[in-house]
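Chains, contacts and geometry: an overview
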Amino acid sequence: MFREECETALAYALKKTLPEIKVETLSLSKPPNIDFGQLASSLCFEFARKLNQKPIALAEHLVRAMRKSSFSLIEKVVAAGGGYVNFHADFPKFSALVLSSVRQLNFEYGFVKTDCPVEVIVEHTSVNPLHPIHIGQARNPMLGDALARILEHRGHAVSRHYYIDDVGRQSSVVAYGYAKLGEPQPDEKADCFVGKIYTITSCIVELNRLKRALELAKTVSPSDDVAKINKDLAEWMSVAAELEEKFPALFAKLLAKIGEDENPEEEINRLNRAYEDGEPEAKRLIRKVSEMCIQGFRETQERVEVRYDSWDWESDFVWSSQVSKVLQKLQTSPFVYTEGGVLEFDAEKVACTLNLKAKLGLREDYEVPPLTLVRADGTTLYTTRDVAYTLWKFNRADRVVNVIGMEQSLAQLQLKIALYALGYSRYADNFAHFAYNLITLPGYKMSSRRGRYITFDAVLDEAVERAYEEVSKRSPQLTETEKREIANFVGVGAVRYALVDVDPSKPVIFTWDRVLNFETNSAPYVQYTHARACSILRKADRKPENADFALLKEKLERELVLAVASFPDAFIEATEYLKPNLIADFANALADKFNTFYNALPVIKAEPQELSDARIALTDAVRIVLHNALNLIGVVAPEKM
RNA sequence: GGGCGGGUAGCUCAGUACGGAUAGAGCAUCACCCUCCUAAGGUGGGGGUCGUGGGUUCAAAUCCCACCCCGCCCGCCA
């Protein structure tokens with residue numbers, strides 16, 4: 001509203017003073033400082049040269065030409081800073097408008113609905129059912145869930161999907177090991193149990209393979225190959241030593257049982273083929289292990305309140321022949337060829353033929369690598385199956401957002417190109433890969449295959465434990481139950497916030513103090529600020545019925561009103577550019593301003609009561625906006641802590 | 001070799017899509033502030049060649065070109 005009024009005023013002045021100049025867009029921007037008003041135009045700098053005048057003279061000229069009598073929300077317009085035209089809002093009116101609007105819309109404030117709501121599928125997490133979710137992967141559900149929440153609040157119909165990748169060879173590895181153990185019931189959290197079996201089995205099988213490769217290489221291959229194999233062997237031997245030390249009983253048992261097989265690798269490949277073919281015994285076994293692991297995932301996800309609308313089994317797409325149908329269709333296109341018994345997809349040819357490179361943001365001279373669709377043994381590859389899955393998704397939604405690590409960017413690009421090749425350009429246009437960078441540990445990369453990872457559960461446990469110590473220290477008067485409850489949402493909130501707060505494209509090195517931060521720029525800080533606002537309102541114990549917003553004259557108060565007023569813009573930006581981290585930053589910045597205000601000015605005891613009431617209304621608005629912002633990133637907004 | 005992402009204070013990061021006013025926070029460090037609405041807080045100090053070098057512009061952390069460093073990808077893995 002204020003923006004529109006400023007634009008109208010500026011356009012009017014321009015037309016009056018400089019009718020010969022045409023401007024398409026009057027881009028008004030937020031000045032860096034409240035003293036420069038609330039909106040500013042820098043267009044005088046652009047025209048000054050053309051008109052051979054000084055920018056400031058031009059700005060003054062424009063200001064004089066404005067029709068002041070038509071101002072409503074504008075208090076005054078000033079030429080300043082060498083050539084800016086600064087618009088100052090009429091704060092009493094502006095504050096009254098903003099604060100009453102927040103109060104009225106309450107927990108809907110800021111969630112501006114889109115003009116064209118669509119059905120959106122957000123696929124996220126999709127950790128393979130082989131081991132617990134580790135901290136490197138936990139960034140995914142935090143981002144994915146925040147995205148889903150944001151899109152939902154924008155008015156879209158959002159469906160959260162988890163893609164269970166049970167068709168890869170690793171699923172056969174863990175199922176093979178599990179069968180060797182005699183299919184025991186887990187004696188601990190199921191995904192941890194599965195994770196151990198996976199890592200140990202995988203290690204033993206790899207050692208076995210390398211040893212046999214070495215024998216072969218000694219007789220026929222050059223010494224380079226032998227050296228390479230020896231190096232790998234040494235690495236896996238050290239992994240084996242680590243695992244044997246950590247889990248001696250399980251390791252010994254798997255070693256003995258797997259040792260009974262002449263060629264474990266062959267057994268695993270056979271199981272993998274049998275599973276893709278849908279043989280009942282293979283299905284029973286692999287599904288059993290996968291389900292077990294997923295049960296563990298659900299427990300973890302429940303702790304952080306991340307839930308899914310649909311769990312989609314990759315194998316279902318293979319068995320239901322949706323994958324083979326896609327393959328058939330692709331083969332009728334001119335973009336598929338056979339080479340050495342394998343089926344290849346010529347993504348480069350598609351990109352050239354359909355003239356996609358500019359559209360996809362690729363350089364014209366960049367050659368898109370081909371994608372292998374089918375192995376020589378007839379089994380399919382991950383991306384091939386993902387094409388079928390993507391088509392299935394578009395039967396249920398208009399838009400698809402895949403939250404997948406950036407290391408899969410090429411595969412996601414090839415997938416998108418495959419959609420174009422199949423003639424589904426509308427799907428391809430509405431297909432987005434939301435890429436995020438890896439979380440690494442200081443010094444080494446997390447590796448599920450090597451069993452080197454910190455689980456998400458362990459991080460949550462530690463965070464909650466640390467939060468409990470903090471609560472006990474800071475609020476000893478609380479009951480044990482209250483402390484536990486607070487510790488939980490503070491600990492979980494801290495982790496969620498820490499993983500959403502940084503730009504997804506930045507690599508993150510995991511350190512405990514990054515996620516266990518309870519000070520400024522963290523969930524606990526924002527939560528604390530929210531609780532503080534609640535506390536004031538509780539103590540005030542009255543509705544701000546006699547508020548006089550003209551009394552909110554302090555710079556701090558005005559900055560707060562402005563921050564509250566800018567929440568809808570921040571929300572829209574976060575949604576349209578898929579940037580959940582903006583919400584975390586916004587919440588933190590608002591909390592900062594509120595705490596400064598809190599320390600500097602009394603609310604309840606302010607005199608006269610009209611001022612006190614205005615400040616109560618302001619506090620209430622801050623409370624609502626903090627609540628709404630935290631809600632978008634899945635962090636609890638507590639009334640006490 | 002090619003492609004993609006990142007490089008901003010000692011450390012962790014905002015800001016870059018859409019160029020604008022003194023480049024912002026936090027941590028750490030030093031000095032302060034609870035007879036007062038929650039001190040998980042606030043105030044103040046010190047700390048910057050915005051990777052490097054060119055270019056475009058009235059104006060560049062932001063746009064263009066080249067180069068350097070780190071990570072990822074270029075697989076009949078996922």
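Residues numbered from 1 in each chain as written. Chains lettered and ligands numbered in written order. Predicted model: local features only at pLDDT ≥ 70, side-chain atom pairs only at ≥ 80, totals over all residues. Heavy atoms only, no water.

Moving on to the packing of helix α21 (residues 523-540) against helix α25 (residues 609-632). For any two helices packed against each other, the geometry comes down to the angle between their axes and how far apart the axes lie. Between α21 and α25, the shortest axis-to-axis distance is 9 Å and the interhelical angle comes to 145°. Note on packing geometry: the crossing formed by α21 with α25 is left-handed. Mapping the contact onto sequence places V526, Q527, T529, H530, A533, C534, I536, L537 and A540 in α21 and I616, T619, D620, R623, L626, H627 and L630 in α25. Classifying every residue of the contact of α21 with α25 by side-chain character gives 9 nonpolar, 5 polar and 2 charged. (Axes fitted to C-alpha atoms, helices over the stretch in contact; angles between N-to-C directions. Helix = DSSP H or I, 4+ residues; strand = E, 2+ residues; numbered from the N terminus. Left-handed = near helix turned anticlockwise from the far one by under 90°. Contact = heavy atoms within 4.5 Å. Nonpolar A, V, L, I, M, F, W, Y, C, P; charged D, E, K, R; others polar.)

This next bit is on the sheet that holds strand β10 (residues 371-374). On the basis of which strands lie adjacent, the open sheet formed by 3 strands has the order β8-β9-β10 and antiparallel pairing. Each of the sheet's edge strands pairs with one partner strand only, and the pair in question is β8 (336-339) and β10. With direction set aside, neighbouring strand axes in the sheet form an average angle of 40°. Here 4 bridges tie β8 to strand β9 (residues 342-345), and the two strands are oriented antiparallel to one another. Bridge assignment links Y337 to a residue of β9, and that residue is E344. (Pairing = 2+ DSSP bridges.)

The 4 strands are arranged β1-β2-β4-β3 in an open sheet whose pairing can be described as antiparallel. At either end of the open sheet lies a strand with only one pairing partner, and these are β1 (28-29) and β3 (74-80). As paired elements, strand β2 (residues 39-41) and strand β4 (residues 84-89) share 3 bridges and run antiparallel to each other. Looking across to β4, one finds that A40 is bridged to N86.

The subject of this paragraph is the environment of G634. Topologically, G634 is positioned in the segment after α25. Under the relative-accessibility criterion, G634 is labelled buried at 16%. For G634 and R496, which are 138 residues apart along the polypeptide, the C-alpha to C-alpha distance reads 7.4 Å. Apart from residues no more than four positions distant in its own chain, G634 is found in contact with R149 and R496. (Buried < 20%, exposed > 50% of the residue type's maximum accessible area, 1.4 Å probe, protein only.)

The next point concerns empty space enclosed by the protein. Inspection of every chain in the model, using the stated rule, returns 1 cavity of 30 Å³ or more. In this structure, the largest cavity spans a volume of roughly 30 Å³. Lining the largest cavity, in full, are L99, V102, R103, A617, D620, A621 and I624. When contributions to the lining of the largest cavity are tallied by element, the ones reaching two or more residues are α4 (91-105) and α25. No other element matches α25, which puts 4 residues into the lining of the largest cavity. Each residue belonging to the lining of the largest cavity can be placed in one class, and the counts come to 5 nonpolar, no polar and 2 charged. (1 Å grid on protein atoms, 1.4 Å probe; cavity = no way out; pocket = protein on both sides within 12 Å on 5 of 7 lines; lining within 4 Å. Points joined across faces, edges and corners; volume = space filled by probe spheres on them.)

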